[in-house]
Each structure stands twice: as structure tokens, then as C-alpha cells.
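Descriptive structure summary
Here is what each chain is made of, one letter per residue.
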Amino acid sequence: MERLTPRVRVVWIALAIVRAAIFGGLLVGAAIALTRTDFWDSAPSNLVPAAVAIAVVLAVLRVLVAWRRYGVWRFELRDDDLYIERGVFTRVKTVAPYVRVQHVDSRRSPLERTTGLATVVVYTAGSRSSDVAIPGLTPARAEEVQESLRRLAIESAGEDAV
């Protein structure tokens, strides 16, 4: 089983902080709006500090989940399929048979480019969750995985999927 590049933690933690800041800003902003308008005449005096405390706790939790996510994420290119394990609270084990692979993309978001990472996206035949992504790879490793998956999909093209 192969692990992701540790730098992916930087991406996940940065995203967690940005999302927490947006949510926290909305939460604290709403609390301030409620205390400074006539919408809620008897708003508790500790509403804004409570909103700040909730926003901070949620931000810390998001960062901890992002940190733990790296420790759980693994993938393996097996003989007949791509196997992925992920999930902090709900563990997800995905098996994508190569015979079902339709095409494979490599992508690099601005944050991934900044940290020197790439994501491989595997599109498979099927109706539900018909694509899987392998984030946190170096660009060279992403290219290797993409080429390996392409080759393995071509080799298994005549086989039965199940």
C-alpha cells in the first residue's frame, strides 16, 4: 500500500483553515448582527464570544481531521484493480477494476502547484461515484500512476469486470 506525499497535509490544512475562516466569519458576523440590530431585542451579551468560541473549536477540529486524513489515505495498483482506503470518520474502501476504467486525468490546482503536488482522477464506467481521485502525488509520480493505469486498463480491456 502506497501513502500520499506528506506535503498533501499542507494543502488539506490550508483548505480546512480557509473553510473554517469562512464559516467562522459567517457565524460571528451573524452573532454581531443579532446583537446590534432590533431583530433580537433580548440577545444574550455573551452571544458574540460564544460564536467566536464555536468558530475556533470547529476550526481546530477541521485542522485535526485534515491532519488525520493523511494517516488514513492509502492506495495500491493491484493486478486487476485500483484499491483505495480513505476516510477519517467513515472508512471507505474503493476497488476500481481496470476493465471499468474509461480514462485517467491528471490535474494540479493552484494550491497543488504551489506545494508541488498533483491529483490523478480515474473515471470508471458506472452510475454512482464513477470517478475516484488519488491526491497528494508528486507530478512525476502522478504521471507514472496515470501511465500505469492507462496501460493496465488497455491490458484488461477484453476481460470481464466482475
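Residues numbered from 1 in each chain as written. Predicted model: local features only at pLDDT ≥ 70, side-chain atom pairs only at ≥ 80, totals over all residues. Heavy atoms only, no water.

Digging into helix H2 (residues 47–72)
Using the following cut-off: Strands are runs of DSSP state E lasting at least 2 residues, helices are runs of H or I lasting at least 4, and numbering of each runs from the N terminus. Residue count minus one, scaled by 1.5 Å, sets the expected span of a helix. In this scheme, a residue with accessible area under 20% of its type's maximum is buried, one over 50% is exposed, and one in between is partly exposed, where area comes from a 1.4 Å probe on protein chains only. Any two residues having at least one pair of non-hydrogen atoms within 4.5 Å are treated as being in contact.
Compared with the 38 Å implied by 1.5 Å per residue over 26 residues, the 37 Å span of H2 between its first and last C-alpha is a close match. The complete set of buried residues in H2 reads Leu47, Ala51, Ala55, Ala66, Tyr70, Gly71 and Val72. Tucked into the core, H2 has its buried residues touching strand S1 (2–3), helix H1 (8–36), strand S2 (74–77) and strand S3 (81–86).

Concerning helix H4 (residues 139–155)
Think of an α-helix as turning once every 3.6 residues; residues three or four places apart then point the same way. Worth spelling out the cut-off: As used here, the arc belongs to the directions running from the helix axis to the C-beta atoms.
The end-to-end C-alpha distance of H4 is 24 Å, a good match for the 24 Å that 17 residues give at a rise of 1.5 Å each. Residues of H4 that are buried include every one of Ala142, Val145, Ser148, Leu149, Leu152 and Ala153, and no others. Axial view of H4: buried residues confined to an arc of 130 degrees, hence all on one face. Residues Glu143, Ile154 and Glu155 are exposed on H4 and point more than 90 degrees away from its buried face. In this structure, the buried side of H4 is in contact with S2, S3, strand S5 (101–107), strand S6 (118–124) and strand S7 (131–137).

Brief notes about the sheet that holds S1
Quick reminder of the rule: One requirement defines pairing of two strands: DSSP has to find at least two bridges between them.
Strand order across the open sheet formed by 4 strands is S1-S2-S3-S4, with antiparallel pairing between neighbours. Of all strands in the sheet, those with a lone pairing partner are S1 and strand S4 (92–97), marking the two edges. Pairing geometry for S3 and S4, over 6 bridges, is antiparallel. Of the residues in S4, the one forming a bridge with Glu85 is Lys93.

What to know about the pattern of salt bridges
Side chains carrying opposite charge are able to pair once their charged atoms draw close together. The cut-off we apply is this: Counted as salt bridges are all cases of a side-chain nitrogen of Lys or Arg within 4 Å of a carboxyl oxygen of Asp or Glu.
On inspection of all chains with the given rule, the structure shows 5 salt bridges. Residues Asp81 and Arg78 are paired through a salt bridge, measuring 2.7 Å at the closest nitrogen-oxygen approach. A relative accessible area of 31% places Arg78 in the partly exposed class. Put simply, Glu2, Arg141 and Glu144 are held in one network by salt bridges that share partners.

Considerations on the packing of aromatic side chains
Worth spelling out the cut-off: Pairing of aromatic side chains requires ring centres within 6.5 Å, counting the rings of Phe and Tyr and the six-membered ring of Trp. Pairs whose planes differ by under 30 degrees are stacked, by over 60 edge-to-face, and all others tilted. Only lysine NZ and arginine CZ atoms are considered, and such an atom sits over a ring when it is within 6 Å of the ring centre and within 35 degrees of the ring normal.
Counting across every chain of the model gives 0 aromatic pairs. Cation over ring: Arg9 sits above Trp67, and NZ or CZ is 3.7 Å from the ring centre. Lying across the ring of Trp12, Arg69 places its NZ or CZ 3.8 Å from the centre.

As for the environment of Pro6
In this structure, Pro6 sits in the loop between S1 and H1. On the basis of relative accessible area, Pro6 is assigned to the exposed category, the value being 52%. As for Pro6 and Ile84, which are separated by 78 residues in sequence, their C-alpha atoms are 17 Å apart.

Remarks on the side chain of Glu112
For clarity, the cut-off: In summary, the charge assignment counts Lys and Arg as positive and Asp and Glu as negative, without counting His or the chain termini. Polar contact criterion, stated in full: a pair of N or O atoms within 3.5 Å, where within protein one must be able to donate a hydrogen and the other to accept it, and residues adjacent in sequence count only if both atoms are side-chain atoms.
Structurally, Glu112 can be placed in helix H3 (residues 110–115). As a buried residue without a salt bridge, Glu112 has its nearest oppositely charged side chain in Arg107, at a separation of 5.0 Å. Side-chain polar atoms of Glu112 contact the backbone nitrogen of Ser109, separated by 2.8 Å. Setting aside residues up to four positions removed in sequence, Glu112 forms contacts with Arg107, Leu117, Ala118 and Thr119.

Focus: a positive patch on the surface
Heads up, the rule is: The patches reported here contain residues having more than 30% relative accessible area and no salt bridge. Joining distances are 9 Å for like charges and 5 Å for nonpolar side chains (Val, Leu, Ile, Met, Phe, Trp, Tyr). The Shrake-Rupley method, run with a 1.4 Å probe, gives the accessible areas here. Residue values count only the displayed protein chains as cover. Lysine's charge is taken at NZ, arginine's at CZ, aspartate's at CG and glutamate's at CD.
Side chains of Arg3, Arg68, Arg91 and Lys93 sit close together on the surface and give a patch of like positive charge. Here Lys93 is to be found in strand S4.

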